[in-house]
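Structural description and commentary
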Amino acid sequence: MTDIYAGAAEFYDLVAGPLWARKGPVLAAALRTARTDLGPIVDIGAGTGCSTEVIADALPGAAIVAVEPSPCMRIALSARVALRGLADRVTIAAATAGEFTLPQRIGGAVVYGVLGHIEPPQRTRLLADLAERLPPGAPVVVELMDETAPPSRAPLRIARTPVGDHIYEVWSRGSGSGSATMWTLTYRVLHDHRVIREAEVPMPWAEYGLSDLRDEAERSNMRCLRIAPDTAVLTHRN
Ligand SMILES: C[S@@+](CC[C@H](N)C(=O)[O-])C[C@H]1O[C@@H](n2cnc3c(N)ncnc32)[C@H](O)[C@@H]1O
């Protein structure tokens, strides 16, 4: 398997901090109706564990399953689980959403920044499988990244943060269209205004917005409520 996040993993947490200061409280609030008494919270595409950590803090004692296919991202995820003392309740599954078999019952789910990576048939299957296992009132919280970090045609700087004597920048740009869209992240390390290192990370990313999510949720008998520009909560209709 090719690890499409191999080139990004080193930079991911260093630049994610300011973004998660905004995203964390939104996710924590959306999880209030989770039914941790009925099953674990499944974090699909858990990455380095930024989302996993918010779930753990928002729902003390909850069992969490962090599903993450990238070996490089999983190194950071495992380190976070160890350093935060979460190994007693976080299970790490080395799998894609398509490969992973969901538990029979879940207390809720978090699907952050990943639906665009998943092939359409698997995406539809994932939402249907989550709906089937979700108790009434419990949330599937979805972040689409279609507005805050879109694969725009022109390069867009999406993060800039000091790291010691250096500045780390992340630039985002898109190419292609529909299911053939590529999203390229460029990580730049600057010293004294000079680029001393650059890493290009191209990834397949389907254009998939809120109206697509709403339609797909509808087909799985879930309602879709937007709670932030690129974030929505899915719950059962009945
Ligand atoms: C943009 S990152 C989001 C990470 C984390 N959820 C967050 O919000 O910080 C997307 C993650 O999805 C993972 N991913 C890519 N394809 C996937 C798939 N088919 N199933 C599950 N996860 C996938 C990537 O390896 C990456 O870690």
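Conventions and cut-offs
Residues numbered from 1 in each chain as written. Predicted model: local features only at pLDDT ≥ 70, side-chain atom pairs only at ≥ 80, totals over all residues. Heavy atoms only, no water. Near = heavy atom within 4 Å. Polar contact = N/O pair within 3.5 Å; in protein donor to acceptor, adjacent residues only side chain to side chain. Areas by Shrake-Rupley, 256 points an atom, 1.4 Å probe, with all protein chains shown as cover. Nonpolar A, V, L, I, M, F, W, Y, C, P; charged D, E, K, R; others polar. Pairing = 2+ DSSP bridges. Helix = DSSP H or I, 4+ residues; strand = E, 2+ residues; numbered from the N terminus. Axes fitted to C-alpha atoms, helices over the stretch in contact; angles between N-to-C directions. UniProt positions renumbered as here; feature names shortened; annotations may be inferred.

1. Thoughts on the site of the ligand
Taken together, 19 residues are adjacent to the ligand, and Tyr-12, Gly-45, Glu-68, Ala-97 and Tyr-112 come closest. In the model, an oxygen atom of the ligand is placed 3.1 Å from a nitrogen or oxygen of the Tyr-12 side chain. Summarising the interface, the protein chains cover 95% of the accessible area of the ligand, which totals 600 Å² for the free molecule. A breakdown of the residues in the shell around the ligand according to their chemical character gives 11 nonpolar, seven polar and one charged.

2. Some details on the sheet that holds strand S8 (residues 182-191)
With antiparallel pairing, the four strands of this open sheet are ordered in space as S6-S7-S8-S9. Only two strands of the sheet have a single neighbouring strand rather than two, namely strand S6 (156-163) and strand S9 (194-204). Neighbour-to-neighbour, the strand axes of the sheet open up by a mean angle of 15 degrees, direction not taken into account. Looking at chain direction, S8 and S9 are connected through 10 bridges and run antiparallel. Within S9, the position partnered with Trp-183 by the bridge is Met-203.

3. So, the UniProt feature "domain: Methyltransferase" (unreviewed entry) in the protein chain
Listed under "domain: Methyltransferase" (unreviewed entry) in the UniProt record, and renumbered for this structure, are residues 41-137. With 37% helix and 18% strand, the stretch residues 41-137 has end C-alpha atoms that lie 14 Å from each other.

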